[in-house]
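What the coordinates show
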Amino acid sequence: MAVNKHSKKYFALICIFWLGLTRAGKTQTRCDLGLDAPGRAAYSEWRASIDAYKNIDLRTTMTIPVVVHIVYRTGDENLSDRQIQSQIDALNRAYANPADTRSGVPKEFAELQSVPGVHFCLASMDPDGQMTNGITRTKTNFENIGLLFGDGQRRSIHYAILGGADAWDPDHYFNIWVGELGGLLGRATMPGTNLLFEEDGIVIAPEVFGTTGTVAYPFHQGKTAVHEAGHYLGLPHLWGMNAGDCTEDDGLADTPVQAGPYLGCPEYPQYSCGTSDLFNDYMDFTDDDCLLLFTHDQVQLMLATLTGYRKGLLESAGCSEHPGWSPTDQLVFVSYAAARRQLEVVWRRPGESVYDIRIWDVAGRLLVHQKGYGFTPWIVPVTSWVNGLYFVQIISAGNQTTQKVLIY
Ligand SMILES: [Zn+2]
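Everything in this summary refers to the structure shown in the same document. Here the structure is a predicted model, which means the values were calculated and not measured.

1. Comments concerning the overall build of the protein
- The secondary structure content of the protein amounts to seven helices and 20 strands.
- Residues counted as buried form 41% of the 408 residues belonging to the protein.

Next comes the structure, spelled out in structure tokens:
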């Protein structure tokens, strides 16, 4: 593979930033997929076998049941339930609600932004059908257990017998292990790779898990798990499997070709391979403050993974209980702001942040048909509409409601 002048220069840049990652005498590495040549080939083969651009029906609510295995050596590493929940919330902000992340995204990238509409929940039912809070806690004596191997090629953190914690059926639960990684922040198993079933999931260092408690700047917003969950759902890094060249990247059309990772939080714009690079993308290596979006094609690939290779998660009973859900009607608010001549629609159903909005007039003509995302008010300007009665219909997974509104 040819290494051109541009990429050599880029490599030098990486090294400078790499040094910048060494903080308080500790070197931190964002992510290591640990894929050998056969593993990379297996991933490529899997990618070639799926249709990443098939139409996925976004009206289906996709909820991924999560089990968090806390494998701690020190008391600090035995993270509180609150800190664990803050990580689940951070995943949901990234995967289900774009509202928090839009600010700070350069206009060029904002146009690419998309939201999977995927919701994560701590499992409420374990594989034996017993009620659970979706958290297991294991005390270990092994330092950096996340890097250790025992019993041949098995990674210790994934096995109780090796000092770690056993997975819950990886077909039906998204297993997240939290344990010492010796300066590495996260690791993930990608679909199609030749890995052991019992090790399927992601591993996150305790110091970057969640958004409260023991987490520290600049990896304090739970974005490490957002990034690793992206791998788990099929996404490669923006630069593909090999950093430092422009001849291959992630194989997705709407992410610009990028030579390698960005670190820190660079100023916009940054260029490599002749394009303005998407360093705000969750699949880059920048600091948490800087990781802000997925693109449309990334979302399509993740949804194809979730409805294909990982469809067992959607069939799982792990999150079958949703305490606190109320009837749909109480969670939809449609109002008309006469002064601004606009309709305002607010939808607040936990776990169903993707929905369809349709508006008809009294003659039954469909005036608006659009997808809504997240829980922020959805504004419909009606300046040119004639006064009268309109019908606003909201459809989410398994629920629909129609409300009348008068424009005057
Ligand atoms: Zn990664």
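Moving on, there is more to tell.
2. What to know about helix H3 (residues 81-96)
- Taking 1.5 Å per residue as the helical rise, H3 with its 16 residues ought to reach 22 Å, and the 22 Å between its terminal C-alpha atoms agrees with that figure.
- Looking only at H3, the buried set comprises Gln83, Ile84, Ser86, Gln87, Ile88, Ala90, Leu91, Arg93, Ala94, Tyr95 and Ala96.
- Buried positions along H3 lie against strand E2 (62-72), strand E4 (118-122), strand E5 (135-139) and helix H5 (223-232).

3. A short note on the environment of Pro170
- Tracing the backbone shows Pro170 in the loop between strand E7 (154-155) and strand E8 (174-178).
- Along the backbone, Pro170 and Gly312 are 142 residues apart, and their C-alpha atoms lie at a distance of 8.6 Å.
- With residues near it in sequence (within four places) discarded, Pro170 still touches Asn175, Phe197, Asp200 and Gly201.

4. Let's talk about the environment of Asp32
- Along the chain, Asp32 turns up in the loop between strand E1 (29-31) and helix H2 (37-49).
- Look at Asp32 and you get partly exposed, because 13 C-beta atoms sit within 10 Å.
- Here the alpha-carbon distance between Asp32 and Glu228, two residues 196 residues apart in the chain, equals 9.7 Å.
- If near-sequence neighbours (up to four positions away) are discounted, Asp32 is found in contact with Leu184 and Arg187.

5. Some thoughts on the packing of H3 against H5
- With their axes 9 Å apart at the nearest point, H3 and H5 run at an angle of 60 degrees to one another. For the element pair H3 / H5, the angle class is oblique. Judged by the sense of rotation from one axis to the other, the crossing of H3 with H5 is right-handed. Of H5, the residues touching H3 (which contributes Gln87, Ala90, Leu91 and Ala94) are Ala225, Val226 and Ala229.
- Here the contact of H3 with H5 is built from residues that sort into six nonpolar, one polar and no charged.

Scoring rules and cut-offs
- Residues numbered from 1 in each chain as written.
- Predicted model: local features only at pLDDT ≥ 70, side-chain atom pairs only at ≥ 80, totals over all residues.
- Helix = DSSP H or I, 4+ residues; strand = E, 2+ residues; numbered from the N terminus.
- Buried ≥ 20, exposed ≤ 12 C-beta atoms within 10 Å, placed from the backbone.
- Expected span 1.5 Å × (residues − 1).
- Contact = placed C-beta atoms within 7 Å.
- Axes fitted to C-alpha atoms, helices over the stretch in contact; angles between N-to-C directions.
- Parallel < 35°, antiparallel > 145°, perpendicular 65-115°, else oblique.
- Left-handed = near helix turned anticlockwise from the far one by under 90°.
- Nonpolar A, V, L, I, M, F, W, Y, C, P; charged D, E, K, R; others polar.

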